[in-house]
Amino acid sequence: MYAYFNGKLAHKAPTHVVLDVGGIGYYIHISLNTFSLIKDQEQCKLFISFQVREDAHTLYGFATEGEKKLFENLISVSGIGPNTGRMILSSNTPEEIQSAIVNGQVALIQQIKGIGPKTAQRLILELQDKLKKQGVESLSTIPMAQSVPDEALSALVMLGFNKATSEKVLNTVIQTDPNLTVEGMIKLALKKL
């Protein structure tokens, strides 16, 4: 529902912040890792994971998109809720946690408060392959730059069009005018699809 909030930090604590965005104060739970990255800032951008339970609607914020993705992977595992996911991310850096899961280091994961041997094994079993495929680059804070045709192709695929068909149409669009913007390419491609 929310991608990120960008605003003034009205209050900072190791477990939460109040972020003033356009005059509205959002209470956002954070990990210690995020706290260490934002503690000297007045303005900040937090990537948001919005969690809904029958008794609460809770916002979790992360300094990097990679940490947010890892959090969402963690809470997808049965038996790990948002608070446990935040505890895991507060105990080590996201890189260390991802490495421990990928390398099957049950003992390291078990050291985290609230994680027993069965939960640690389930975490590794369910996430090991997924995190191997994503690679350490998924934790990178620098987004990979895409070319204009690649961005247009990504947008068309997200809209539900076939990738191969979209590529062919975009190639014909590029031949007619190679200096088009992403929006221009998408508009012309939509007319031909």
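About the cut-offs
Residues numbered from 1 in each chain as written. Predicted model: local features only at pLDDT ≥ 70, side-chain atom pairs only at ≥ 80, totals over all residues. Heavy atoms only, no water. Axes fitted to C-alpha atoms, helices over the stretch in contact; angles between N-to-C directions. Helix = DSSP H or I, 4+ residues; strand = E, 2+ residues; numbered from the N terminus. Parallel < 35°, antiparallel > 145°, perpendicular 65-115°, else oblique. Left-handed = near helix turned anticlockwise from the far one by under 90°. Contact = heavy atoms within 4.5 Å. Nonpolar A, V, L, I, M, F, W, Y, C, P; charged D, E, K, R; others polar. Buried < 20%, exposed > 50% of the residue type's maximum accessible area, 1.4 Å probe, protein only. pLDDT = per-residue confidence, 0-100. Pairing = 2+ DSSP bridges.

On to the packing of helix α7 (residues 148-158) against helix α9 (residues 182-192), then. Running from N to C, α7 and α9 cross one another at 50 degrees; their axes reach a closest spacing of 9 Å. As summarised for this structure, α7 and α9 are arranged oblique, according to the angle between their axes. Here the hand of the crossing between α7 and α9 comes out right-handed. Judged by residue contacts, V148, P149, E151, A152, A155 and L156 of α7 engage V182, M185, I186, A189 and L190 from α9. Partitioned by chemical class, the residues of the contact of α7 with α9 number ten nonpolar, no polar and one charged.

This paragraph deals with helix α4 (residues 94-102). Along α4, the positions that sit buried rather than exposed are P94, I97, Q98, A100, I101 and V102. For α4, the secondary structure elements touched by its buried residues are α1 (32-38), α2 (65-75), α3 (82-91), α5 (106-110) and α6 (117-134). One or two residues past the end of α4 sits G104, with phi positive at roughly 65 degrees.

Looking at the protein chain, pLDDT values average 87 and 94% of them are 70 or higher. Per-element averaging of pLDDT across the protein chain places α7 at the bottom with 79 and strand β3 (residues 24-30) at the top with 96.

On to the environment of I101. Position of I101 relative to the elements: it lies in helix α4. Among residues more than four places away in sequence, those in contact with I101 are L74, I109, L123, I124, L127, Q128 and L131.

Where strand β2 (residues 16-21) meets β3, six bridges bridge the pair, whose relative direction is antiparallel. Among the inter-strand pairings, H16 is bridged to a residue of β3, identified as H29. Between β2 and β3, which follow one another and run antiparallel, lie two residues, and G22 among them has a positive phi close to 60 degrees. Across three bridges, β3 lies against strand β5 (residues 56-62) in parallel orientation. Looking at β5, one finds that I30 is bridged to G61.

Attention now moves to the packing of helix α8 (residues 163-176) against α9. One way to put it is that α8 packs onto α9 with a least axis distance of 9 Å and a crossing angle of 120 degrees. Considering the angle they form, α8 stands oblique to α9. Remark: the crossing between α8 and α9 carries right-handed chirality. Counted together, V169, L170, T172, V173 and I174 of α8 and M185, L188, A189 and K192 of α9 form the full contact between these two elements.

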